[in-house]
Amino acid sequence: MMTDPIADMLTRIRNAIRVERPHVDIPASQLKRGLADVLKREGYIWDWEEIPGQPRATLRLYLKYGPNGEQVIRHIRRISKPGRRIYRRVADLKPVLNGLGIFILSTSRGILSDREARRRNIGGEILCEVW
């Protein structure tokens, strides 16, 4: 039994980037699909696909590297944890590294980056930060 599937996803991504894998496989869920979609929209991964399987589907994230093999995702960290949830209003959402990174939020409109949340004027639970 896994108590924090989001932390597991972020750890799998972090480990795959360290050994420069082209892709990483993660057990699928609706929340993880939302996270993968935000990472793709913000340019941190190339793409993702869902691979059907039994007993559970798998998400395959195609990781992105620079022209000389440098990491695009240098830092990925869980912020809100099961024991301590972190919520922010839209007025309290400050840019990560002066706009070089993003927060990924769970909002009433779905999973969004902090830029999208500020544009839509909604706050939510900060799931993780990426730069």
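Residues numbered from 1 in each chain as written. Predicted model: local features only at pLDDT ≥ 70, side-chain atom pairs only at ≥ 80, totals over all residues. Heavy atoms only, no water.

Draft legend 1. Just the pattern of salt bridges, in detail. Enumeration according to the criterion identifies 12 salt bridges in this entry. Residues Arg-77 and Glu-129 are paired through a salt bridge, measuring 2.8 Å at the closest nitrogen-oxygen approach. Of the two residues, Arg-77 is situated in strand S4 (residues 76-78) and Glu-129 in strand S8 (residues 124-130); the sequence distance between them amounts to 52 residues. Among the residues examined, Arg-77 registers a relative accessible area of 41% and is labelled partly exposed. Judged by its relative accessible area of 8%, Glu-129 falls in the buried class. With a shortest N-O distance of 3.3 Å, Asp-92 and Arg-89 are connected by a salt bridge. When salt bridges with common partners are traced through the structure, they connect Asp-37, Arg-41 and Glu-116 into a single cluster. (Salt bridge = Lys/Arg side-chain N within 4 Å of Asp/Glu carboxyl O. Helix = DSSP H or I, 4+ residues; strand = E, 2+ residues; numbered from the N terminus. Buried < 20%, exposed > 50% of the residue type's maximum accessible area, 1.4 Å probe, protein only.)

Draft legend 2. Geometry of helix H1 (residues 5-18). Here H1 contains 14 residues, and its C-alpha end-to-end distance of 20 Å stays within 8% of the 20 Å for a straight helix at 1.5 Å per residue. Buried residues belonging to H1 abut strand S1 (23-27), helix H2 (30-41), strand S3 (58-63), S4 and S8. Positive backbone phi, at 55°, marks Glu-20, one or two positions downstream of H1. (Expected span 1.5 Å × (residues − 1). Contact = heavy atoms within 4.5 Å.)

Draft legend 3. Molecular detail of the sheet that holds S1. In spatial order, the strands read S1-S3-S2; together these three strands make up an open sheet with antiparallel pairing. Edge positions in the sheet fall to S1 and strand S2 (45-51), since each of these pairs with one other strand and no more. Each neighbouring strand pair of the sheet contributes to a mean axis angle of 20°, computed without reference to strand direction. Of the pairings in the sheet, the one linking S1 to S3 comprises five bridges and is antiparallel in character. Each bridged residue has a counterpart across the sheet, and for Val-24 the counterpart in S3 is Leu-61. Its contacts with the sheet put H1 on S1 and S3, and the angle it makes with S1 is roughly 165°. (Pairing = 2+ DSSP bridges. Axes fitted to C-alpha atoms, helices over the stretch in contact; angles between N-to-C directions.)

Draft legend 4. Local environment of the environment of Asn-68. Of note, Asn-68 is situated in the loop between S3 and S4. By relative accessible area, Asn-68 is classed as exposed at 70%. In sequence terms Asn-68 and Arg-119 are 51 residues apart; their C-alpha atoms lie 34 Å from each other.

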